[in-house]
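# Structure at a glance
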Amino acid sequence: MKKLLLLSVIILSLSQAANSQTPESILATVQQKYTSEKIYFHYDKTNYIAGETIWFKAYLMEGFAPSVKSTVLAVELLNDSGRLLDKKILPINGSAAIGEFSLPKTLSQGAYLIKAFTKDLMNFGFNSFYYHTLNIYNPTSQNRLNDQQVNYQLSFLPESGNMVAGIKNRVAFKCTDNYGNPKNVEGKIKNEAGKEIISFKSDYDGMGIAEFIPIANEKYMAHCVIDGTVPKIQPLPLAAPAGVVLQITRNTAKTSFLLDATTVANQNMEPSYILGVMENIVAFKIPIAEGIKIMSGEIPVGQLPSGILQLTVFNKENKPLAERLVFINSGDYMPEGIFRNEKVSLKPRTKNTYSFTMADTIPGTFSVSVTEGETENNPADNIISRFLLTSDMKGVIHNPSYYFESNDLLHQLRLDYVMLTNGWRRYSWNEMFSGHFPPMTFKDPGYIAISGKAFNPKKDKPLLNQEITAIVKTKDKQTDFFKITTDSVGDFFANGFIFEDTAKFYLQSSVTKNSKVNLTLTSNYLSQVFHNLQTPLPKTFLAMPGIELQKKFEEGYNFNKLSRFDGILLDEIKINSKIKSEKEKYEQKYVSGRMSSATTELDFLTDPPKSHQNILNYLQSRLNGVSITGGPFNYSIVYRNTRSMMGGPIQMSVYLDEFQVDPSQIATLSVSEVAMVKVFSGSGYNGGPGGALVIYTKKGDGSYSSGIPLTSFNIEGFSPTKEFFSPNYEKKEEASILYDERTTLYWNPYFITNAEHKEIQFSFYNSDKAKKFKIIIEGFTETGKLLHVEKQIE
């Protein structure tokens, strides 16, 4: 961030006075209103077998920092025809979301697609979504994979957008098959008469550069051979009679530019300045004196953060004349740290311990995967290459993580091929100057939201400007209380709720507690907010050829064991447990953690009282330390005569099935309807100094026959998540597992670091077959530092 602040000062000193149609002012609007998020997924591994679980953690960024825009992420699993197989709707916490897909054992083998998006990304169209192809194999599938016909694609792209006649041009080229795999190509460029102009040959991953001086109105064809055997003839773009060419040259010392406008005679095509932009922020502006036809200079790489730099040549009317992308690798994106092998053992079922200690005290969120190294191939993309490279480029970039293995000149030059041959995913200048921006109609819901209109008991008048108590009880027995205030027409809105599966909402008027609130809900469930979007399969959806995929898995897996292997064979673990009492069963189902350790308890399930009194009258002489006096409309309930500083008694908080109520509301509750009673002292209960009296009914949800005036309804929550199972072979019951053929040995997406806790430490037990481990640690800090640590243990 310091670099960006420094650049802002440089920009102010170089920029012209802003007006509504300068690139600077347009970019300021884009930065304020139209920046989109980027998404990266850390998966536990790269390929899967039907019946396994796809574990993942999604990271979200906006610009150079973790995104704080969105609170909800939708993740879909699609087959190769685009049919939805499964969907998860997940909360985003700390700019990350965690989930999994459980694959059916009957799933057909083939290529599958993970699609992810937020409401914010929906504004920018489906091309802005996250897409990732996963290969899933099924050794028992009758639908065997077959190799598909291979087609080849060859593209020629002039360096700065247009080929210009009369001056030397660099024309980049790229050759791939229809799976996105790079293919070697070599040949000759010839003119219409068949005369050879220059020969060319791919240098790396099917990419390279050909340099020549084209002639105006001359057509050029590339006559070449792909992969040594396939002939192809490909036309090149036509050369313009005049124009501006911007060339970039890199060496170990600096990155330089050369601007050539010698063919320009029209004053409207004369260059006026070069603008450098990163993440929609102007990084620098280089003025060009009037009449200058050739200009060279150095790009201030040392002052820029890592990422894609967009260089554009403008005329004095702010019209773009030429454009070039340059990748800046200043090495500032990685946080420093130390990886330690604390305990290493490759023997079956032995314990391993490793750690990574952050040097930085800035808080961060991280995930760790450990896989069996023999069958696991390298992930083509990682968190660094995704956020700094592939998320901003169109098309397929083969093995993008390679370009970040080193910052030497060779890697820089090869990455420059990518800048020349892959399209820019962001707005074009023509789009921005014409005002073609998305309408931004989709808004983030702010986690789970409820809205509606509240009415009086007769439902003939809305409750205006009135406080409503909302009680939320989730399936995991968590109970929370909120205050919601209706507006001047009786409408209410509340968001920020986070729970899984479903929850029951109870609403009660805070003013008229003995009157039921009627309401009409207007909010949509999460599944409606994130409805299924029928989008075409992305062009980057590429299946691995059948025989290659089939061979890979047949070599790496034991089919006889895998055909009956599901996770860790939990059904083979015999766990002896005692039979639970009725009270224990009830508490497991209805009692939340905060209500588990009471000062005094009465168990009516084991020893039901023979009484027809109401519960408060029955308890008047049966709870040590609790004084219950008064009648149905004026009960006073005090624990051990607790008094305030003013001398008056402090009343206990009264709860029914963990919902706070007024004592008068349970005056008619019969003893026969009660399951148990708990008493919490003021010192042992965080609900107030007077302590709490908690009464549980046999139904456990507040719906006893007398009926408290509560309006209730169910609300859909986030997709339930499950916990990764990692066996502990020091435990007797887990040591009896018959086969341990795990390929994912460890997965933990919950690591958080800060100034007090800078260490990421993890332990796991080896499987029966792993001879080497692949450890991957990924994540980011609050300042946008990207961590990718990859270790091979053998």
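Residues numbered from 1 in each chain as written. Predicted model: local features only at pLDDT ≥ 70, side-chain atom pairs only at ≥ 80, totals over all residues. Heavy atoms only, no water.

## Quick word on unusual backbone geometry
One non-glycine residue, N217, adopts positive backbone phi at about 65 degrees. Residue position: N217 is located in the loop between β14 (207-212) and β15 (220-226). Unusually for a residue other than glycine, R349 sits at a positive phi of about 60 degrees. Tracing the backbone shows R349 in the loop between β24 (337-343) and β25 (351-358). (Helix = DSSP H or I, 4+ residues; strand = E, 2+ residues; numbered from the N terminus.)

## Examining the sheet that holds strand β11 (residues 169-177)
Spatial ordering of the open sheet is given by β10-β11-β14, a layout of three strands whose pairing is antiparallel. Looking at the sheet topology across the chains shown, the edges are occupied by β10 (152-158) and β14. Going across the sheet, the axis of each strand differs from the next one's by a mean of 25 degrees, ignoring polarity. Running over the sheet, helix α5 (residues 409-421) touches β10, β11 and β14 and is turned about 75 degrees from β14. (Pairing = 2+ DSSP bridges. Axes fitted to C-alpha atoms, helices over the stretch in contact; angles between N-to-C directions. Contact = heavy atoms within 4.5 Å.)

## Overview of the pairing of β11
The buried fraction of β11 is high, at nine of nine residues. Side chains N169, V171, F173, C175 and D177 project from β11 onto one buried face, and the interleaved R170, A172, K174 and T176 project onto a second face that is buried too. In this structure, β10 lies alongside β11, joined through seven bridges in antiparallel fashion. Residue F156 lies in a different strand from β11, and its bridge partner there is F173. The sheet contact formed by β11 and β14 spans six bridges and is antiparallel. By the bridge assignment for β14, A172 is matched with I209. (Buried < 20%, exposed > 50% of the residue type's maximum accessible area, 1.4 Å probe, protein only.)

## What about the packing of aromatic side chains?
Any pair of aromatic rings gets described here by the distance separating the centres and the angle formed by the planes. Taken as a whole, this structure holds 37 aromatic pairs when the rule is applied. Ring plane angle 65 degrees and centroid distance 6.3 Å describe the contact between Y40 and F387, whose orientation is recorded as edge-to-face. Residue Y40 is found in strand β1 (residues 38-43), and its partner F387 is found in helix α4 (residues 383-388); the two are separated by 347 residues along the sequence. The same class applies to Y40 and to F387, which are both buried. Ring plane angle 35 degrees and centroid distance 6.4 Å describe the contact between F387 and F780, whose orientation is recorded as tilted. Taken as a pair, F387 in helix α4 and F780 in strand β44 (residues 773-781) lie far apart in primary sequence, 393 residues in all. Like F780, F387 is buried. Of the aromatic side chains, those joined through ring pairs into one cluster are F339, Y354, Y746, F762, F764 and F773. (Phe/Tyr/Trp six-rings, centres within 6.5 Å; stacked < 30°, edge-to-face > 60°.)

## So, the sheet that holds strand β43 (residues 759-765)
Taken together, three strands build an open sheet; the order of strands is β24-β25-β43 and the sheet is antiparallel. Each of the sheet's edge strands pairs with one partner strand only, and the pair in question is β24 and β43. Neighbour-to-neighbour, the strand axes of the sheet open up by a mean angle of 15 degrees, direction not taken into account. Inspection of the sheet shows β25 paired to β43 by seven bridges, in the antiparallel sense. Within the sheet, the bridge partner assigned to Y354 lies in β43 and is F762.

## Section: the pattern of salt bridges
Under the counting rule described, the total for this entry stands at 24 salt bridges. A salt bridge links K69 to D120, with the shortest nitrogen-to-oxygen separation between them at 3.4 Å. With K69 in the loop between β4 (65-66) and β5 (72-78) and D120 in helix α3 (residues 119-122), this residue pair connects regions lying 51 residues apart in the sequence. Looking at K69, the relative accessible area reads 29%, which means it is partly exposed. Classification of D120 by relative accessible area gives buried; the value is 10%. Of the charged contacts in the structure, one is a salt bridge between D416 and R324, with a shortest N-O distance of 2.8 Å. Placement of the pair is D416 in helix α5 and R324 in strand β23 (residues 320-328), with a sequence separation of 92 residues. Both residues of the pair, D416 and R324, count as buried. (Salt bridge = Lys/Arg side-chain N within 4 Å of Asp/Glu carboxyl O.)

## Here we look at the environment of T642
Along the chain, the position of T642 falls in strand β35 (residues 636-643). When its relative accessible area of 22% is taken as the criterion, T642 is described as partly exposed. Between the C-alpha atoms of T642 and S681, which are 39 residues apart in sequence, the distance is 9.8 Å. If sequence neighbours within four positions are ignored, T642 has contacts with G648, P649, I650 and P689.

## Here's the deal with the nonpolar core
Counting residues in hydrophobic clusters, the biggest one holds 59 residues, and the most contacted among them are I39, F41, Y43, L73, V75, I114 and F505. Sequence-distant contacts of F505, that is, excluding residues within four places in its chain, are made with I450, I471, V472, F497, F499, T711, S712, F713 and I715. With 27 residues, the next largest nonpolar core counts Y204, L389, Y403 and W424 among its residues. (Core = buried A, V, L, I, M, F, W, Y, C linked by side-chain atoms within 4.5 Å.)

## Things to note about the pairing of strand β3 (residues 53-62)
Here β3 lies mainly inside the structure; nine of its ten residues are buried. Relative to β3, β1 runs antiparallel, the two sharing six bridges. Looking at the pairing, Y40 lines up with Y59 of β3. When β3 meets β4, the two strands line up antiparallel, connected through two bridges. Within the sheet, the bridge partner assigned to E62 lies in β4 and is A65. In this structure, the hairpin formed by β3 and β4 is closed by a connection of two residues, where G63 is found at a positive phi of approximately 65 degrees.

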